[in-house]
Structure formats: structure tokens, C-alpha cells
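The residues making up each chain are set out below.
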Amino acid sequence: MPQPKVHIIGAGLAGLAAALRLTDGSRRVALYEAAPQAGGRCRSYFDSTLNMTIDNGNHLLLSGNRATLSFLREIGAEDQLKGPAHAEFSFVDLASNERWVLRPNDGPIPWWISQPSRRVPGTRAADYLDVLGLLRAAKGASIKAAIRCEGTVYERLWRPFFLAALNTAPEEGAASLAAEILRETLAKGGKACRPLIAANGLSEAFATPALRRLTAKGVEVVFERRLSALECKDRRVNALSFGGERIDVAAGDCVILAVPAAVAASLLLGLSTPAAYRGIVNAHFKVVPPPRCPPILGVIHGTIEWLFAFPDRLSVTISAADRLIDLPREELAARIWSDVARATQIARPLPAWQIIKEKRATFAATVEDEALRPGIRTEFANLLLAGDWTATGLPATIEGAIRSGFAAADTVLRGA
Ligand SMILES: Cc1cc2nc3c(=O)[nH]c(=O)nc-3n(C[C@H](O)[C@H](O)[C@H](O)COP(=O)(O)OP(=O)(O)OC[C@H]3O[C@@H](n4cnc5c(N)ncnc54)[C@H](O)[C@@H]3O)c2cc1C
């Protein structure tokens, strides 16, 4: 009898994590990916305009992202994430030109809010307690119903923090998602909030070492293989169709569908998935950052929100950027550069640039869409779901995607 086989569809982080967890030798594993490369929405590519390898989008992680760090440890790539030894976030307010560094202390008792030099200028310690409303919010509440979405701490801390984490205007975001982010990061203290970035690019940190590990463990990885249909009978998937090719799913075999929500919905009629999306705009400028430029800079009252300084470029992320996504690229580049130049105090004309618009970057982290996220199991006994859009309790993030992959694999290992 051959060992049972797990067919994983999609080599984004959810699919890679599921495959990694299943390499214990108890099953054969095949991973099918529609694109010519792994990584999905979290990948690097060579950009011929800039003549350098860049990421599809700057990805910020926090040291409290425990599944992500465990994934990186398992693939031998933990050292690819770089960040300061202690939590610190530099900010500039383009309206007032104030600059500050937010420095939460390492431990869970947040004494940093009592220290003016560690907190947001123009705030008092008591102003920070309002956010506890998120932890007490009723099921299905919005952030707006749970906390006051106004005031200096909100504008200069909670809004940028939750906007980045949810990729949705916090005013319309689900309180449960913001609360979970808070619980897993700031509420644990600065040690869980060190900002981390893939200094050598996302693919070097995630996809390339993961593929190396998977192939070494005997996982069959097949690129440019797009699943076009699932053949189901008697509440089981019994074959996979890849255009002209059909692969039998034998008794005892399982399928993990780790594709984006819209693809899963097209393959599985009647599946509930989040329906709305939010875009992200990334801009990359080929310029060496000035010497004192912080590696990550939060920008308040600008078009841009986060500015990342790499040795050879400055890169910008704008979340929930649907208002900008249809603007002409040249106009967008000029507008974004004007903020970058002010934030970094660089006086020079627009350098070589690239703009990447991801229209469907993540599902909208609203109360309505949160309620539509499905669990791991489906109506078919041997078909499981994974992906950042499944009910992970987190917004669409690397951490959520990896946890969903691990959870689907664990379900298989427990005997799905
Ligand atoms: C611009 C941008 C910035 C982001 N910033 C951050 C950040 O700062 N921090 C953070 O934590 N997260 C961030 N995210 C979110 C993060 O990238 C995603 O949550 C995560 O990558 C999703 O992984 P996934 O495996 O669930 O889905 P995907 O990455 O979408 O993977 C799905 C895979 O399935 C493949 N596929 C699709 N259809 C088929 C088919 N029919 N057959 C076979 N394969 C198929 C796709 O090609 C893809 O490789 C950002 C996302 C974007 C787009």
C-alpha cells in the first residue's frame, strides 16, 4: 500500500507552511502552483526599470508573529528578518514637522506610556487606556464602536498601527481583529513588537529556503499547474483537474486548497468567503537613503504611511489605497516622492521609480467580511482550506497565512 498523499494547491505562504508541516514522513506531499514561482502575494522579482530585485510590497512583521518565526526557523531562514534589538518606531508628522521615536518597554507592564520621551508627543499616559475598549468589545463590533477614533494618540499611533495591520481604514475595521493584533503584540510588551523586515527580500526569506527544505524532504513541487476544477462525489474530492490533466485523489488522500479567496470560491460553489478587498500601493525610489534615515519611518498626515530605507532604495507602503489606485502612475510617483523628500529631508528631483498597485492585496477587514471567513473544513471530508482569508482570527497577514497552513496540516495529521 502506498502512503496516503496530500495534494496542496497554491504555493503562497499558506501552502508552503502546510507542506512544511506535512514533511514528517507519514504522507507523500505534492504542491501545485499556478505561477512559475512560489510566494504568492509575498515575493520578490527583478524589476528592469530599476535594474534591481524588489518585493511586490514591503512586508512588515513583528517579533510577536510566533508562527512566522517558527516557519523561518524550520526552513533555516530566521536570520533573514532584521530589526532593532528593542521595539522602536520612528515617526514624522508632515503637518507639524514633529519627529519622535515610540519606544515601548520590553515587558508586559507598559510603563513606557508614563515617559514623555517614549510616547507620542502631545499625549498623556491616560490617553492610551482608551484602546483597552478593543479587548472588551462585543462580538461583531467595529473598532469605531469600541474606541474613540479621534485624538492625538489615535491619529499618531492607533490609526497607523491598525491601518497597517488590517489594510482597512480602522474606522470601518472589525474590533476583534484589531484586538487580536493588540493581544499578540503591544499587550505582551515591546519584546513582541520589534519591527522586522526581510532585509534581503521576501523570496530570500520565505519562498526560496522553504522550497529548498521541501524538495530535500521529498515534496513534489510543480509550477505552472493551475487547478481548474475539483471533481467531487459522495462528499469527497476524487480527482483534480489541471486543464487537460486529471489527477486521481485516492481513498485516504487529502486536498488542501491554499489559493486566494476568489479562486477558492470559483472552484467550490457555495463557499462563503470575504467579498470585499482593499488595495495597497507600493512605490520604490532608486536613491541611497540619507545617513540618519531610520530603517522604518511612520508618516502622519501624508499620502504615504510607512517608508522603508534599504541600502539602495527608499520604498513606500500605502495601505487601504483604493482612493489612489486609479491615479495615473506618473502623478502618483510625483505625489509620493514629494512626501518622501519631506520625510527624509532629501532635496532632489524625482529619481528612477516604480509603482506597484495590488488592487486585491487583502480582503477588507470589516465586520461584514470577517463574518464571511470560513473555517478549515469544508462539506467534503478530504478537502481542507488554508489562506489568509480563512477564519484565523487575524487580519490578512503573513502570520495568518502561515497559521492557516499549519492548522490545515495539523488537521490532516490528526486524520482528516
Ligand atoms: C502589497 C502587499 C503588502 C502586504 N504587506 C504585508 C505586511 O506588511 N505584513 C503582513 O504580515 N502581510 C502583508 N501582506 C499580506 C500577505 O502578503 C498575505 O497575507 C500572504 O502572503 C497571503 O498568503 P496566502 O498563501 O494566504 O495567499 P497567496 O499569497 O495569495 O497564495 C496563493 C497562491 O495560490 C496560487 N494559485 C492561485 N490560483 C491557483 C490555482 N487555480 N491553482 C494553483 N495555484 C493557484 C497563487 O499563484 C499563489 O501563489 C501584504 C500583501 C500585499 C499584496
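Keep in mind the model is a prediction, meaning the values are calculated, not measured.

**Brief notes about the overall build of the chain**
Within the chain one finds 12 helices and 20 strands. Relative to the 2.2 N^0.38 estimate, which gives 22 Å for 416 residues, the radius of gyration of the chain is 22 Å and therefore close to what a compact globule would have. With the C-alpha coordinates of the chain rotated into their principal frame, the extents come out at 70 × 50 × 40 Å. In the chain, which comprises 416 residues, the proportion classed as buried is 50%. Put simply, of all contacts in the chain between residues at least 6 apart along the chain, 70% involve residues at least 24 apart.

**Notes on the nonpolar core**
Grouped together as the largest cluster of nonpolar side chains are 129 residues, with contacts concentrated most on Ala18, Ala19, Ala178, Ile256, Leu307 and Ala408. The biggest single contributor to this core is helix α5 (residues 152-166), with nine residues. Apart from residues no more than four positions distant in its own chain, alanine 19 is found in contact with Ile8, Val29, Leu31, Leu214 and Val219.

**As for the sheet that holds strand β20 (residues 383-385)**
If you walk across this open sheet you meet the five strands as β10-β2-β1-β14-β20, and the pairing is parallel. The sheet is open, and its two borders are formed by β10 (220-222) and β20, each paired with just one other strand. The sheet shows a mean angle of 20° between the axes of neighbouring strands, direction not considered. Where strand β2 (residues 28-32) meets β10, three bridges bridge the pair, whose relative direction is parallel. Counterpart to leucine 31 in the pairing with β10 is valine 221.

**A word on the pairing of strand β4 (residues 52-55)**
Bridging between strand β3 (residues 44-47) and β4 involves four bridges; their strand directions are antiparallel. Looking at β4, one finds that serine 44 is bridged to aspartate 55. Counted along the chain from β3 to the antiparallel partner β4, the turn is four residues long, and its residue asparagine 51 has a positive phi close to 60°.

**Describing the domain arrangement of the chain**
Each domain of the chain was delimited in the assignment, giving domain 1 (5-43 + 204-275 + 366-413), domain 2 (89-193) and domain 3 (278-363). Taking the mean C-alpha position of each, domain 2 and domain 3 sit 23 Å from one another. The partner domain 3 presents 19 residues to the 15 residues of domain 2 that form the contact. Of the residues contributing to the side of domain 2 that touches domain 3, the split by class is nine nonpolar, three polar and three charged.

**A closer look at the packing of helix α1 (residues 13-21) against helix α8 (residues 207-216)**
Two elements in contact, α1 and α8, have axes whose closest approach is 10 Å; the angle formed by their N-to-C orientations is 30°. Classed by the angle they form, the pair α1 and α8 counts as roughly parallel. Viewed along their axes, α1 and α8 form a crossing whose handedness is left-handed. Touching Leu16, Ala19 and Leu20 of α1 are Ala207, Ala210, Arg213 and Leu214, all from α8. Each residue belonging to the contact of α1 with α8 can be placed in one class, and the counts come to six nonpolar, no polar and one charged.

**What about the site of the ligand?**
Gly10, Gly12, Gly40, Gly57 and Thr397 are the nearest of the 37 residues found near the ligand. Only α1, β15 (277-285), β19 (353-363) and α12 (398-413) provide two or more residues apiece to the shell around the ligand. For the shell around the ligand, a count of residues per class yields 20 nonpolar, 11 polar and six charged. Split by domain, the shell around the ligand shows at least three residues from each of two domains, domain 1 (5-43 + 204-275 + 366-413) and domain 3 (278-363).

**Some details on unusual backbone geometry**
Positioned with a positive phi, asparagine 51 is a non-glycine residue whose angle comes to about 60°. Within the secondary structure, asparagine 51 sits in the loop between β3 and β4. Of note in the backbone geometry, asparagine 167 takes a positive phi value of approximately 50° without being a glycine. Classification of asparagine 167 by C-beta neighbours within 10 Å gives buried; the count is 25.

**So, the environment of asparagine 51**
Judged by C-beta crowding, with 9 C-beta atoms within 10 Å, asparagine 51 ranks as exposed. When the C-alpha atoms of asparagine 51 and lysine 286 are compared, they prove to be 9.3 Å apart, with 235 residues separating the residues in sequence.

Criteria and thresholds
Residues numbered from 1 in each chain as written. Predicted model: local features only at pLDDT ≥ 70, side-chain atom pairs only at ≥ 80, totals over all residues. Helix = DSSP H or I, 4+ residues; strand = E, 2+ residues; numbered from the N terminus. Rg over C-alpha atoms; globule rule 2.2 N^0.38 Å. Buried ≥ 20, exposed ≤ 12 C-beta atoms within 10 Å, placed from the backbone. Contact = placed C-beta atoms within 7 Å. Core = buried A, V, L, I, M, F, W, Y, C linked by C-beta atoms within 7 Å. Pairing = 2+ DSSP bridges. Axes fitted to C-alpha atoms, helices over the stretch in contact; angles between N-to-C directions. Domains from an automatic or database assignment. Nonpolar A, V, L, I, M, F, W, Y, C, P; charged D, E, K, R; others polar. Parallel < 35°, antiparallel > 145°, perpendicular 65-115°, else oblique. Left-handed = near helix turned anticlockwise from the far one by under 90°. Near = placed C-beta within 6 Å.

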